[in-house]
Amino acid sequence: MQYKIVCDSSANPGLFSPDHTSVPLKIIAGKKEFVDDSQLQLSEMLTYLQSYKGKSGTACPNVADYLEAFRGAENVFCFTITSNLSGSCNAAQIAKEEYEAANPGCKVFVVDSLSAGPEIRLLMEKAQQGLQQGAGFHEICRKLDTYLANTGLMFSLESLRNLANNGRVSPVVAKISGVLGIRVVGRASNQGTLEPMDKCRGEQKALQKILQRMTEQGYCGGKVRIDHCCNPEAAAKLQAMIYAEFPNADVQIGPCGGLCSFYAEQGGLLVGYEKG
Ligand code: X90
């Protein structure tokens, strides 16, 4: 294969149909380790975590994992979770240097998504589209840079406990959640960090807020990818609300994988969208 689309498992690539290689992160709870690949039994992991009272965390892929994923490709588009919250992008960058040095003529483009989940899949779709249109490597890289500036990620979270326990949001931010029925709606900031924007009471309000904030950011009927953690009902409601306002939108729903489920927690929604 000449071209490869590689992502880390934070992209929730489970339902992404075009050819891709996903490099798994790991979820670690005491002695138990869950590898976030297609073999992961998600409900088993969530049940285990619910009853597990010790410390739990995650680990990003290492350089060798990325080298293995690149193997055999002449040109690679590699998409990672935000470098501000994970070492995944750094590992991919080092793997790129090594791969290009060991395979003269081969090229790897690492995209720091500054985001997670469904926004990464929008980028992967863009790369795939470029390949289908026969665009060259550098042209697709340019298109991806432009596209990244024109996509966004919103989230709605019922709990920020795992994010706070692992130092991915400040304890102050975590305090606003954790109250029963309150959801924190926010976005991925330009720096690739969690930016809480609204405290919403009840799911309906949270969904309205997501759509309102998306529209403020420039959403006007393009692609939306909604990933949910055990909450297909909310995802379907949001999809219907978007279609009601933008009948020609392209809205697809998918489940979170292991990594995003761990951090977004039960009920959480991640929404990737196009800004223009
Ligand atoms: O390297 C590792 O161990 C992975 C650490 C990942 C930490 C953050 C995961 C976030 C998952 C939560 C809501 C939306 C996040 C917005 C990103 C800027 C999803």
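Each remark here, short or long, concerns the structure printed above.
Fair warning: this is a prediction, and the values are worked out from it, not measured in the lab.

A. The arrangement of the nonpolar core in detail. Counting 27 residues, the largest nonpolar core has I27, M45, L49, L157, L160, L163 and L270 as the members making the most contacts within it. Within the residue set of this core, elements represented by two or more residues are strand 3 (26-29), helix 1 (42-51), strand 8 (151-157), strand 9 (182-188) and helix 10 (258-264). Top contributing element to this core by residue count: helix 10, with five residues. Ignoring anything within four residues of it in the chain, the contact list for I27 reads K32, E33, F34, D36, M45, L49, G57, T58, G258, L259 and F262. Grouped together as the second largest cluster of nonpolar side chains are 22 residues, M214, Y219, A235 and A249 included.

B. Fine view of the layout of surface pockets. When its volume is computed, the largest pocket comes out at roughly 570 Å³. Lining of the largest pocket is provided by 28 residues; of these, N12, P13, G14, L15 and F16 occupy positions nearest its centre. Of all elements in the fold, only helix 4 (118-132), strand 11 (223-228) and strand 12 (250-255) reach the threshold of two or more residues within the lining of the largest pocket. Top element by residues in the lining of the largest pocket is strand 12. It accounts for four residues. For the lining of the largest pocket, the per-class residue count stands at 11 nonpolar, 11 polar and six charged.

C. Expanded view of helix 3 (residues 88-102). Taking 1.5 Å per residue, 15 residues should reach 21 Å; helix 3 reaches 21 Å between its end C-alpha atoms and fits that length. Among all positions in helix 3, only S88, C89, A91, A92, A95, K96 and Y99 are buried. Within helix 3, the buried residues cover an arc of 150° as seen down the axis, which keeps them to one side. At its buried positions, helix 3 is contacted by strand 1 (3-8), helix 2 (63-70), strand 6 (75-80) and strand 7 (107-112).

D. Quick look at the pattern of salt bridges. Tallying each qualifying case throughout the model produces 14 salt bridges. Across the pair D227 and R121 runs a salt bridge whose closest N-O atoms are separated by 2.8 Å. Here R121 lies in helix 4 and D227 lies in strand 11, a separation of 106 residues in the sequence. Each of the two residues, D227 as well as R121, counts as buried. Between K223 and E125 there is a salt bridge, with the nearest N and O atoms lying 2.7 Å from each other.

Definitions and limits used
Residues numbered from 1 in each chain as written. Predicted model: local features only at pLDDT ≥ 70, side-chain atom pairs only at ≥ 80, totals over all residues. Heavy atoms only, no water. Core = buried A, V, L, I, M, F, W, Y, C linked by side-chain atoms within 4.5 Å. Buried < 20%, exposed > 50% of the residue type's maximum accessible area, 1.4 Å probe, protein only. Helix = DSSP H or I, 4+ residues; strand = E, 2+ residues; numbered from the N terminus. Contact = heavy atoms within 4.5 Å. 1 Å grid on protein atoms, 1.4 Å probe; cavity = no way out; pocket = protein on both sides within 12 Å on 5 of 7 lines; lining within 4 Å. Points joined across faces, edges and corners; volume = space filled by probe spheres on them. Nonpolar A, V, L, I, M, F, W, Y, C, P; charged D, E, K, R; others polar. Expected span 1.5 Å × (residues − 1). Arc of directions from axis to C-beta. Salt bridge = Lys/Arg side-chain N within 4 Å of Asp/Glu carboxyl O.

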